[in-house]
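# Residue-level structural notes
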Amino acid sequence: MKEQIIELLKKNLPDMEVAEIERVLEEPPKPELGDYAFPCFFLAKTLRKAPPMIAAELREKMDVDVQAIEDIDRVETAGAYLNFFMNKARFAERTLTVASDPNYGASDIGKGKTVCIDYSSPNVAKNFHVGHLRTTIIGNSLYLLYSKLGYHVERINHLGDWGTQFGKLIVAYKNWGSEQEVKDKGIEELMRLYRKFHQEAEQAPELEDEARAWFHKMETGDEEALFIWRWFVDISLEEFKRTYALLGMEFDHYTGESFYRDKTDEVTSILREHQLLSSSEGAEIVDLSEYDMPPCLIVKKDGSSIYATRDLAAVLYRKKEYNFDRCLYVTGQEQRLHFRQVFKVIELLGNEWAKDSLVHIPYGLVSLDGEKLSTRDGNVIYAEDILLQAISKIRETIKEKNPNLADPEDVAKKVGVGAVIFNDLYNQRIKDVSFKWEHLLNFDGETGPYVQYTYARCSSVLRKVEGYDETAPVDASAITDGASIELLKEIFRFPAVVQDAADRYEPSVVARYAVDVAQAFNKFYTENRIQVDDANVKNARCKVTEVTRGVLKSALALLGIDCVEEM
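Residues numbered from 1 in each chain as written. Predicted model: local features only at pLDDT ≥ 70, side-chain atom pairs only at ≥ 80, totals over all residues. Heavy atoms only, no water.

## Remarks on the overall build of the protein
- A count of helical and extended segments in the protein gives 23 helices and 12 strands.
- Across its three principal axes, the protein shows a C-alpha extent of roughly 90 × 65 × 40 Å.
- Contacts spanning at least 24 positions in sequence make up 73% of the contacts within the protein whose residues lie at least 6 apart.
- With an accessible surface of roughly 26700 Å², the protein has 46% of that area assigned to carbon and sulfur atoms. (Helix = DSSP H or I, 4+ residues; strand = E, 2+ residues; numbered from the N terminus. Contact = heavy atoms within 4.5 Å. Areas by Shrake-Rupley, 256 points an atom, 1.4 Å probe, with all protein chains shown as cover.)

Okay, structure coming up:
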């Protein structure tokens with residue numbers, strides 16, 4: 001309809017460019033004012049007429065053409081505005097047709113293209129804390145969005161599994177640890193040992209030299225050092241994967257920093273060949289002062305690599321291995337400078353693709369408010385604890401409000417985990433996120449449980465209604481009331497929402513859309529009784545409920561959230 005309106009206006013205003021018409025065309029604030037409005041104020045100076053007169057003349061000239069356009073019902077004037085009203089029955093019929101497709105919202109725009117997404121990436125031998133949830137949840141949603149658009153996506157977990165901290169951990173294990181304690185307590189014991197090292201090093205600074213020596217052994221292939229390190233990595237992965245299982249997430253590759261340790265020498269050689277390396281206090285750097293950035297450290301003065309070197313190796317490896325069209329890095333905004341440096345160094349190596357293909361996707365901080373959460377030690381909040389507490393709280397709500405619910409454990413898990421995910425993704429990613437249980441688990445606000453409840457309500461309606469034939473033709477004239485059309489307008493937006501969220505790397509676009517659909521459906525449900533005697537009306541309203549249910553499920557799926565049929 002919008003395209004037809006623009007063509008109509010262009011025919012009657014030949015001096016205007018199509019882009020200008022599209023820019024001026026607007027959606028009125030109230031449905032009774034039409035579906036699109038064209039203000040004529042700006043034409044007054046050119047046409048030397050009052051804006052209301054211009055609007056009236058345009059409407060008169062358009063009358064014959066409008067009658068031949070099926071999508072436009074009528075055109076009216078309201079002062080200086082030309083208001084266009086859609087053919088509601090035709091719009092409803094078209095929307096129900098396209099939204100009934102199981103792949104509604106999907107696209108093949110990414111066919112033949114590859115996107116790598118680097119996200120989650122917790123540090124080995126440290127707990128998977130609440131701060132890691134953001135990168136994990138955002139990255140997973142971006143994977144789902146790009147997959148929906150037809151891209152091939154490589155999900156990469158770039159574990160923090162290499163560096164001097166492992167030398168410290170080996171020293172601590174050898175001095176104050178035991179094999180049995182590590183086996184019994186896992187990451188908790190590794191964290192204790194790491195803290196113990198720092199406490200002892202304050203009194204005995206020579207321990208730092210010992211730690212560097214052990215890390216140097218790792219880098220030079222010492223069997224004992226690598227054996228202990230691999231053991232610590234395996235223990236960590238086991239715990240990380242338990243949290244990923246709770247979230248319902250998987251990765252294609254667990255290629256952490258250690259994966260690139262034998263590739264850093266090649267990076268250094270390439271930089272040297274391009275005459276980009278220079279010495280600074282015994283270390284080797286790439287000078288980026290010309291680009292208003294501090295130097296990018298490549299080789300430390302003891303000859304060992306640093307995470308920037310490994311990130312450079314990772315970019316070059318991924319480009320060669322996957323030939324990506326885009327490589328996304330989902331990390332905290334405090335790493336902006338680091339990635340600006342890495343991307344600029346890649347570009348300076350003559351890789352023009354770096355300008356458009358390498359993208360850092362920053363996000364804000366996580367804070368905890370309201371009720372104090374349980375922790376496994378005094379000052380660290382585990383991601384797993386957050387998820388398990390959310391599940392527990394939903395379980396209690398089920399016992400109180402629906403004790404006879406079938407499979408309450410499954411519902412508690414899906415709604416509890418979904419609430420945590422939705423709370424994160426409803427916020428624009430660059431903004432800080434606060435966990436407040438009274439909001440996060442609310443079934444009435446702009447929350448995950450509210451959207452999931454609306455989906456369950458749709459399912460309940462379709463289960464209980466009598467005589468609905470989902471294969472029967474729909475009489476679209478039965479769903480032209482205001483609430484039905486406003487809901488169908490939201491449903492019609494879904495493909496554009498998916499594309500917009502991917503273009504902006506912004507899952508909150510989908511989360512907020514899901515709330516809009518849920519609110520529109522609940523208004524529709526309040527104003528339109530579904531179990532009515534008129535078969536045409538009942539069938540049409542059931543069809544609207546069915547497509548709403550499908551869109552809500554698809555939207556939540558793009559956020560990494562499962563639906564429940566009953567709550």
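## Things to note about helix H16 (residues 383-401)
- With 19 residues, H16 ought to run about 27 Å at 1.5 Å a step, and its terminal C-alpha atoms sit 27 Å apart, in line with that.
- For H16, every residue scored as buried is listed here: Ala383, Glu384, Asp385, Ile386, Leu387, Gln389, Ala390, Ile391, Ile394 and Ile398.
- Taken together, the buried residues of H16 touch helix H6 (131-148), helix H11 (223-247), strand E11 (366-368), helix H17 (408-425), strand E12 (433-435) and helix H18 (437-440). (Expected span 1.5 Å × (residues − 1). Buried < 20%, exposed > 50% of the residue type's maximum accessible area, 1.4 Å probe, protein only.)

## As for the packing of helix H9 (residues 187-203) against helix H10 (residues 206-219)
- Across the interface, H9 lies against H10 with an axial gap of 7 Å and an inter-helix angle of 130°. Judged by the angle between their axes, H9 and H10 are oblique. In this structure, H9 contributes Phe197, Glu200 and Ala201 to the contact, and H10 contributes Leu207, Glu208 and Ala211.
- Classifying every residue of the contact of H9 with H10 by side-chain character gives four nonpolar, no polar and two charged. (Axes fitted to C-alpha atoms, helices over the stretch in contact; angles between N-to-C directions. Parallel < 35°, antiparallel > 145°, perpendicular 65-115°, else oblique. Nonpolar A, V, L, I, M, F, W, Y, C, P; charged D, E, K, R; others polar.)

## Examining the sheet that holds strand E3 (residues 81-86)
- Strand order in this open sheet of three strands is E1-E3-E2, and the pairing throughout is antiparallel. Each of the sheet's edge strands pairs with one partner strand only, and the pair in question is strand E1 (36-39) and strand E2 (72-78). The average undirected angle you get between the axes of adjacent strands in this sheet is 20°. (Pairing = 2+ DSSP bridges.)

## Quick notes on the sheet that holds strand E9 (residues 326-332)
- Strand order in the open sheet made by the four strands is E5-E4-E9-E10, with parallel pairing throughout. In this open sheet, the two edge strands, each paired with only one partner strand, are strand E5 (152-156) and strand E10 (358-363). Going from strand to strand, the sheet's axes swing by 20° on average, the running direction of each strand aside.
- Taken together, the six bridges between E9 and E10 define a ladder with parallel strand orientation. Bridging across to E10, Val330 finds its partner in Ile361.
- Lying over the sheet, H6 contacts strand E4 (114-118), E5, E9 and E10, oriented at roughly 155° with respect to E9.

## As for the pattern of salt bridges
- All told, the structure shown has 38 salt bridges when counted by the stated rule.
- Taking the shortest distance from any N to any O, the salt bridge between Asp63 and Arg59 comes out at 3.3 Å. With a gap of four residues between them, Asp63 and Arg59 both fall in helix H4 (residues 51-67), about one helical turn apart.
- Residues joined in a network through salt bridges with shared partners are Glu70, Asp71, Arg90 and Arg94. (Salt bridge = Lys/Arg side-chain N within 4 Å of Asp/Glu carboxyl O.)

## Quick notes on the side chain of His132
- Along the chain, His132 turns up in helix H6.
- Once you skip the residues sitting within four places of it in the chain, His132 turns out to touch Ser120, Pro122, Asn123 and Asn127.

## Regarding the confidence of the model for the protein
- Per-chain confidence: the protein averages 93 in pLDDT, with 98% of residues scoring 70 or above.
- Counted against residues more than four places away or in other chains, residues 370-378, with its pLDDT under 50, gives 18 contacts. (pLDDT = per-residue confidence, 0-100.)

## Quick look at the packing of aromatic side chains
- Tallied over the full model, the rule gives 28 aromatic pairs.
- Note on Phe339 and Phe343: the rings are 5.7 Å apart at their centroids and 45° apart in plane angle, and the pair reads as tilted. Highlighted residues: Phe339 and Phe343, both in helix H14 (residues 336-348), separated by four residues, approximately one helical turn. Just as Phe339 is buried, Phe343 falls in that class too.
- Counting every residue linked through ring pairs, the aromatic cluster contains Tyr119, Phe128, Phe240, Tyr244, Phe251 and Tyr254.
- Lying over the aromatic face of Tyr143, Arg155 brings its terminal NZ or CZ to 4.3 Å of the ring centre. (Phe/Tyr/Trp six-rings, centres within 6.5 Å; stacked < 30°, edge-to-face > 60°. Lys NZ or Arg CZ within 6 Å of the ring centre and 35° of its normal.)

## Focus: the nonpolar core
- Phe38, Phe84 and Phe422 are the most contacted members of the largest nonpolar core, which totals 160 residues.
- When neighbours within four sequence positions are excluded, Phe422 is seen to be in contact with Glu446, Thr447, Gly448, Val451, Ala511, Ala514, Val515, Leu556, Leu559 and Ile561.
- Core analysis: the second largest hydrophobic core is formed by 31 residues, Tyr260, Leu277, Ala314 and Tyr322 among them. (Core = buried A, V, L, I, M, F, W, Y, C linked by side-chain atoms within 4.5 Å.)

## Regarding the side chain of Ser120
- Structurally, Ser120 is set in the loop between E4 and H6.
- Ser120 sits in the buried class, given a relative accessible area of 4%.
- Within the local environment of Ser120, its side chain forms a polar contact with the side chain of Thr136, the two groups lying 2.8 Å apart.
- For Ser120, the contacting residues outside a window of four places in its chain are Phe128, His132, Thr135, Thr136, Asn157, Tyr244 and Phe251. (Polar contact = N/O pair within 3.5 Å; in protein donor to acceptor, adjacent residues only side chain to side chain.)

## Comments concerning the pairing of E3
- Among the six residues that make up E3, five are buried, leaving the element largely enclosed by the rest of the structure.
- In this structure, E1 lies alongside E3, joined through four bridges in antiparallel fashion. The residue of E3 that forms the bridge with Ala37 is Asn83.
- For E2 and E3, the ladder comprises six bridges, and the chain directions are antiparallel. Bridged to Ile72 within E3 is Met86.
- In textbook terms, the turn of a hairpin is the stretch between consecutive antiparallel strands, and for E2 and E3 this stretch comprises two residues, one of which, Gly79, has a positive phi near 65°.

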